[in-house]
Amino acid sequence: MKLTLTAALFALVLCAFTPFALAVDATFIIIAYGVARITPKEVAATLWPLLVLVIMTALLNMVFVQGGTVYFQLGILVVSEEGLLAAAFLGCRLLLLLLVAALLTLTTSTFAITEALEAVMRPLTMVHVPVHELAMMMGIALRFLPQFVAELAIIRRAQLSRAAELSFNPFKGGLSTLAALIVPLFTSAFRHSETLAFAMDARCYHGGEGRTRLHPFAFTWRDGVALAVIGSMTVCLVLADMW
Amino acid sequence: MSAPEERDQFVAFESVAFDYENGSTVFTDLDLTITAGEYVALLGGNGSGKSTIAKLIDALLQPQEGRVLVFGRDTRDGTATFYIRSNTGLVFQNPDDQLVASIIENEVAFGPENLGIDAHELRVRVEEALDAVGMRGFEHQETNALSGGQKQRVAIAGALAMRPAMMVFDEATAMLDPRGRRSLMRLIDELHHSGITVIMITHYMDEAARAQRVVVLEGSDAGAQVALDGTPDAVLARAEELRALDLAVPFTCDLALCLRDAGIPVGPTVHEEELLQRLVALRDPHARELPQGPPASEPEGTSQQGAALIRFENVSYSYGEPATKKARRRHKTPESADLPEKAWGIEPGSSFALHDVELAIDHHEMVGLAGHTGSGKSTLLQHMNGLLHPRSGRVLLDGHDLADRTVARDARRHVGLVFQYPEHQLFAATVYDDVAFGPRNLGLAPEEVDAAVRRALDQVNLDPDRFAARSPFELSGGQQRKAALAGVLAMDPQLLVLDEPAAGLDPRTRQEFLALVKELHASGLTVVMASHSMEDLARLCDRVVVLDKGRIVLAGAPQTVFEDPERLRRIGLAQPAPLAMAQRLRAQGFVLPSRLYTVDSLAAALAPQLAADAAAVPAKD
């Protein structure tokens, strides 16, 4: 449910063509954050690394979109009024999209997202897409990701202790250094996967057939409220776009 | 599906033959039965096929010949597979690779979900299972944030949620620290009390001693066989045979055997209290007062200013971003960080703070580092070659501050740091290339690299001609660890720093590896070794440093450090077993000089005070 609504929010942000519509979007998203009781600090921490992407996109737009008063010129780089507007607009739009995505990841466990994805993709099983298996794989990948990060950190320190230069310079033996990190990580992954397969078998795993859920999907009044809010947001947006 | 009946034969191996696809034969003709309600320990050295038994029981593997009946059903019968698996809980060795889900409640529900249990019943079972392992309140925690011991508990809960009649533990405690191991063993005892049949596969005699029945497997090229089968006392007392099977004999049996060698007929037992009683009964009242043994030479507790190879001056360290903060970011509820964690030890490898550490290590010393998981041992070790830098204070290597980048670079060469499970860092196609990694990084000429590799392989007793060209991944566990050690020795360090060098090895390989470390020290290397085994530290080290919560709380010669049992207990450590026994015997009136004991030296001091003539003493047993 949450996943569908997030997708709807995504679409809405993409549909906002005027600054005013964007502002409407922003208001709703900020309210959503308020409801979820997420502090700006947490948001900043999550989005910080992605801001580079936002700024890059904005800068590119600034250069490529031309028109209006030219403020600044350096060789072929021309910064014009429309360019600046486009940059600001797209930058904000991207930021809002990221905020929507962060809203989902900050409020929802990875396992729940995986389950939701499986539910949304369920119709695809009709055309023989192994939806359950894909979702299971994603869940396991998410489960092992932090573990591999930790293991990689230990391997890195161990190889540093053996005077490894971790510069990744391919001309200075960087490749063999890379192997010194990657090979142990992969052997570890194989080792884990072998036992994991046994452990899953031992617990009667046999694919998605006949499996039940600890958290079956249920439509609660909260979902109703969220749906209504998004509906009203759509209306506002349509109005704003027409304006 | 009805639950298996009580009083049934739960497991029956009937002339089972099994070999792996790679051609290694495990069993040719194995018979074994286990009845409902039993608590069986399966003991065996490496290659005795004990882990294969677990998989054969759970229908994860099928025998090539003979049959395995579980709850009366043949494991080769495909229709019985789920019946067998759902009634058998299986817990593996490594806490890190048997959990499927990121969130604990999903993890626990995984098994019953596969059985098609409805959502309401699932909820009940998850709560019940978490209750049974003492982890209620952790439902929404991430499995990743748990310690090894906690992960094993969650794995057990996952099995319990299927309401099994039988639990199989495949060396489930092998990778835990002593604290995690003790608490897990208590849990296993409780599960047996609640009516679950328990099969525990282990290397450790002290764990086997808790069971009602001990089965010892003996591996051989012609297929493993049951070598001994009986009550713990009957089996574990046959220590000579056990020793021949590469199994570590429990301390009490070892002492009894040493005394027997000295002509004192004392029956081996696995219970410390009982041995004490037997020894008291054998006490010779006419024993002459013993001349005091030569006072143990006490190495200097502290070293002279300036002479030290490595010196910590007032070193404090704190981790930049606490691990909990990262975890919290992904959490719905911030209060999750306040849950009662850390009760069962903490994840190895993570960094912990240090406070005002003052420590000097002299040339050619062998220093032991004790402290339970999370006390800051690993953090301290990583300061020694400049991987970590103190937030305040200085680390001096040969008088030079490691904060200086050139000094730190040199330190990588002069200080060889061997991480826990160093074989997990092997990567090259051949042992030679792997060992050569360090010297090549140092920019040595090819012939120098060659000399360094050969010397290092010689040092760890791996014949360069036999091993250099082989892939490190073909080697046995013990050989892999030696190869990884060679990779550090090849850089010709002055100081060898080892973090839990013997962790996860079976008893014989463990003794071999520690003997190797001792040899390296004797050949002139300065050695710093962190370990959970107080016996190893007491036996091998000149000096022991005890860390607790990032502070040095005790330091000095082993006999002074390990003198006070109460003080050690307060920081979660125990005395080495021979020393503890010596103190108890002294309290019973034996005359034992206060010094550090090994099993041999304790037996030697004790023998003259015991009546060799058993007839003169009323037999206790």
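Coordinates for the structure precede this section.
## Focus: the overall build of chain A
Part 1 of the argument: On a plain count of helices and strands, chain A comes out with eight helices and two strands.
Part 2 of the argument: Put simply, chain A runs from its N terminus to its C terminus through helices and strands in the order α-α-α-β-β-α-α-α-α-α.
Part 3 of the argument: Counting only residues that meet the buried cut, chain A has 39% of its 243 residues in that class.
Part 4 of the argument: In chain A, 68% of the contacts between residues at least 6 apart in sequence involve partners at least 24 apart.
Part 5 of the argument: For chain A, the exposed area adds up to about 13600 Å²; of that, 77% sits on carbon and sulfur atoms.

## Thoughts on the overall build of chain B
Part 1 of the argument: A tally of helices and strands in chain B yields 24 helices and 20 strands.
Part 2 of the argument: Here the contacts in chain B between residues at least 6 apart in sequence split such that 68% fall between residues at least 24 apart.

## Brief notes about the sheet that holds strand 11 (residues 310-317) of chain B
Part 1 of the argument: Reading across from one edge, 12-11-14-15 (chain B) is the order of the four strands in this open sheet, with antiparallel pairing throughout. Looking at strand neighbours, the two that pair on one side only are strand 12 (354-361) and strand 15 (400-401) of chain B, the edges of this open sheet.

## Here we look at the packing of aromatic side chains
Part 1 of the argument: All chains considered together, the criterion is met by six aromatic pairs over all chains.
Part 2 of the argument: When the ring of A:Tyr205 is compared with that of B:Phe110, the centres are 5.6 Å apart and the planes differ by 20°; the resulting orientation is stacked. Of the two residues, A:Tyr205 sits in the loop between helix 7 (174-202) and helix 8 (221-242) while B:Phe110 sits in helix 3 (residues 104-114), which places them in two different chains.
Part 3 of the argument: Overall, the relative accessible area of 2% leaves B:Phe110 in the buried class.
Part 4 of the argument: When the ring centre of B:Tyr204 is taken as origin, the NZ or CZ atom of B:Arg181, which lies over that ring, is 4.2 Å away.

## Things to note about a nonpolar patch on the surface
All names here are of chain A.
Part 1 of the argument: On the surface, Leu-178, Ile-182, Phe-186 and Phe-190 cluster together to form a nonpolar patch covering roughly 380 Å² of accessible area.
Part 2 of the argument: Mapped onto the elements, Phe-190 comes out in helix 7.
Part 3 of the argument: According to the relative accessible area criterion, Phe-190 is exposed, its value standing at 57%.

## Description of the packing of helix 10 (residues 251-261) of chain B against helix 24 (residues 599-606) of chain B
Residues and elements named next belong to chain B.
Part 1 of the argument: The interhelical angle for the contact between helix 10 and helix 24, taken along N-to-C directions, is 45°, at an axis separation of 9 Å. It follows from the interaxial angle that helix 10 and helix 24 lie oblique. Classified by chirality, the crossing of helix 24 by helix 10 is right-handed. Between helix 10 and helix 24, the residues in contact are Phe-251, Asp-254, Leu-255, Cys-258 and Leu-259 and Val-599, Asp-600, Leu-602, Ala-603 and Leu-606, respectively.

## Topic: the sheet that holds strand 1 (residues 9-19) of chain B
Residue and element names in this part refer to chain B.
Part 1 of the argument: The strand order across the open sheet formed by four strands is 2-1-4-5, and the pairing between neighbours is antiparallel. The open sheet has two free edges, formed respectively by strand 2 (25-35) and strand 5 (73-74), since each of these has just one partner strand.
Part 2 of the argument: Those strands touched by helix 1 (residues 50-57) are strand 1, strand 2 and strand 4 (65-70), and its axis lies near 120° from that of strand 1.

## Focus: the side chain of A:Ser188
Part 1 of the argument: The topology assignment puts A:Ser188 in helix 7.
Part 2 of the argument: Ignoring sequence-local partners within four residues, the contact set of A:Ser188 consists of A:Phe148 and A:Glu151.

## A few points about the packing of helix 3 of chain B against helix 5 (residues 148-160) of chain B
Residues and elements named next belong to chain B.
Part 1 of the argument: Running from N to C, helix 3 and helix 5 cross one another at 40°; their axes reach a closest spacing of 6 Å. Between helix 3 and helix 5, the angle falls in the class oblique. Pair helix 3 / helix 5 crosses with right-handed handedness. Where helix 3 approaches helix 5, its residues Ile-104, Glu-107 and Val-108 are matched on the opposing element by Val-154, Ala-157 and Gly-158.
Part 2 of the argument: Residue composition of the contact of helix 3 with helix 5, by class: four nonpolar, one polar and one charged.

## Some details on the environment of A:Gln147
Part 1 of the argument: Tracing the chain through its elements places A:Gln147 in helix 6 (residues 131-161).
Part 2 of the argument: Residues within four places of A:Gln147 in sequence aside, it is in contact with A:His192, B:Asp96 and B:Asn144.
Part 3 of the argument: A distance of 3.3 Å separates a polar side-chain atom of A:Gln147 from the backbone oxygen of B:Asp96.

## What about helix 10 of chain B?
Residue and element names in this part refer to chain B.
Part 1 of the argument: Counting buried positions along helix 10 gives nine out of eleven residues, so the element sits mostly inside the fold.
Part 2 of the argument: Those residues of helix 10 not exposed but buried are Phe-251, Thr-252, Cys-253, Asp-254, Leu-255, Ala-256, Leu-257, Cys-258 and Leu-259.
Part 3 of the argument: In this fold, the buried residues of helix 10 make contact with helix 8 (232-236), helix 9 (239-244), helix 11 (272-281), helix 23 (577-587) and helix 24.
Part 4 of the argument: Looking one or two places after helix 10, you find Gly-263, whose phi comes out positive at around 90°.

## Observations concerning the interface of chain A and chain B
Part 1 of the argument: Listed per partner, the contact involves 53 residues of chain A and 67 residues of chain B.
Part 2 of the argument: With both chains or domains summed, chain A and chain B bury close to 5200 Å², and 57% of this area falls on carbon and sulfur atoms.
Part 3 of the argument: The largest per-residue losses of area from chain A upon contact with chain B belong to A:Arg162, A:Arg203 and A:Leu214, which jointly make up 18% of the total buried on that side.
Part 4 of the argument: The interface formed by chain A and chain B holds two salt bridges in total.
Part 5 of the argument: Between A:Arg162 and B:Asp434 there is a salt bridge; the shortest N-O distance is 3.3 Å.
Part 6 of the argument: Broken down by secondary-structure element, the contributors of at least two residues to the side of chain A that touches chain B are helix 3 (40-64), helix 4 (81-107), helix 5 (110-121), helix 6 and helix 7 of chain A.
Part 7 of the argument: Take the side of chain A that touches chain B: its biggest share by element is 16 residues, from helix 7 of chain A.
Part 8 of the argument: For the side of chain A that touches chain B, the residue count by class is 27 nonpolar, 17 polar and nine charged.

Reading the values: rules and limits
- Residues numbered from 1 in each chain as written.
- Chains lettered and ligands numbered in written order.
- Predicted model: local features only at pLDDT ≥ 70, side-chain atom pairs only at ≥ 80, totals over all residues.
- Heavy atoms only, no water.
- Helix = DSSP H or I, 4+ residues; strand = E, 2+ residues; numbered from the N terminus.
- Buried < 20%, exposed > 50% of the residue type's maximum accessible area, 1.4 Å probe, protein only.
- Contact = heavy atoms within 4.5 Å.
- Areas by Shrake-Rupley, 256 points an atom, 1.4 Å probe, with all protein chains shown as cover.
- Pairing = 2+ DSSP bridges.
- Phe/Tyr/Trp six-rings, centres within 6.5 Å; stacked < 30°, edge-to-face > 60°.
- Lys NZ or Arg CZ within 6 Å of the ring centre and 35° of its normal.
- Patch = residues over 30% accessible without salt bridge, like charges linked within 9 Å, V, L, I, M, F, W, Y side chains within 5 Å.
- Salt bridge = Lys/Arg side-chain N within 4 Å of Asp/Glu carboxyl O.
- Axes fitted to C-alpha atoms, helices over the stretch in contact; angles between N-to-C directions.
- Parallel < 35°, antiparallel > 145°, perpendicular 65-115°, else oblique.
- Left-handed = near helix turned anticlockwise from the far one by under 90°.
- Nonpolar A, V, L, I, M, F, W, Y, C, P; charged D, E, K, R; others polar.
- Polar contact = N/O pair within 3.5 Å; in protein donor to acceptor, adjacent residues only side chain to side chain.
- Buried area = accessible area lost by both parts, 1.4 Å probe.

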